[in-house]
Each structure stands twice: as structure tokens, then as C-alpha cells.
Amino acid sequence: MAKKKGLPEVVVHNFVAKHMHEVNKSQVFVDRKKNAKRGYDKHKKGRYSNDYLSFYFTVFS
């Protein structure tokens, strides 16, 4: 059978469907409760020494 030449191919202008394969991917899950029990901190507290803080106060006082 010969193909019909008169019908153009249907183009879907759906932005979400077009780009969903780029965005919707599997992610690695990190259990924050387990890490907290192990002692992991995302942001370490007390990073700067007191020498740095005293310099800050002497400049802006």
C-alpha cells in the first residue's frame, strides 16, 4: 500500500511533554534522620574563630 501524501504529520506544541524527559529523572534519596543520628551537620557551627570576629567589630565600631 502506498502512503497518503496529503495528510501532514501532527505536531504537538506541549512544552511540558516536550521537556519532561529532561526534568523528570530519578533522584538519590538521603535520609537526613539517619545522618543526624550519626552526627552529620550540613552547616558546621562555630566555623570562624574569635580573632576574626574581633577584627570585624574593631573595623565597624
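What counts and how
- Residues numbered from 1 in each chain as written.
- Predicted model: local features only at pLDDT ≥ 70, side-chain atom pairs only at ≥ 80, totals over all residues.
- Heavy atoms only, no water.
- Helix = DSSP H or I, 4+ residues; strand = E, 2+ residues; numbered from the N terminus.
- Buried < 20%, exposed > 50% of the residue type's maximum accessible area, 1.4 Å probe, protein only.
- Areas by Shrake-Rupley, 256 points an atom, 1.4 Å probe, with all protein chains shown as cover.
- Polar contact = N/O pair within 3.5 Å; in protein donor to acceptor, adjacent residues only side chain to side chain.
- Contact = heavy atoms within 4.5 Å.

Draft legend 1. Geometry of the overall build of the protein. In terms of regular secondary structure, the protein is built from 3 helices and 0 strands. When the helices and strands of the protein are listed from N to C terminus, the series reads α-α-α. Of all 61 residues assigned to the protein, the portion counted as buried reaches 2%. Surface accessibility of the protein: about 7,400 Å² in total, with carbon and sulfur atoms responsible for 58%.

Draft legend 2. How the structure looks around the environment of His21. If you trace the backbone, His21 turns up in helix H1 (residues 15-23). At 3.3 Å, the side chain of His21 forms a polar contact with the backbone oxygen of Lys18.

Draft legend 3. Broad picture of H1. Counting buried residues along H1, only 0 of its 9 residues qualify, which leaves the element largely exposed. Where H1 starts, the residue carrying a side-chain oxygen 3.2 Å from the main-chain nitrogen of Val16 turns out to be Asn14.

Draft legend 4. Quick peek at the side chain of Asn35. Tracing the sequence through the fold places Asn35 in helix H2 (residues 32-38). For Asn35, a relative accessible area of 17% puts it in the buried group. When neighbours within four sequence positions are excluded, Asn35 is seen to be in contact with Val30 and Tyr40.

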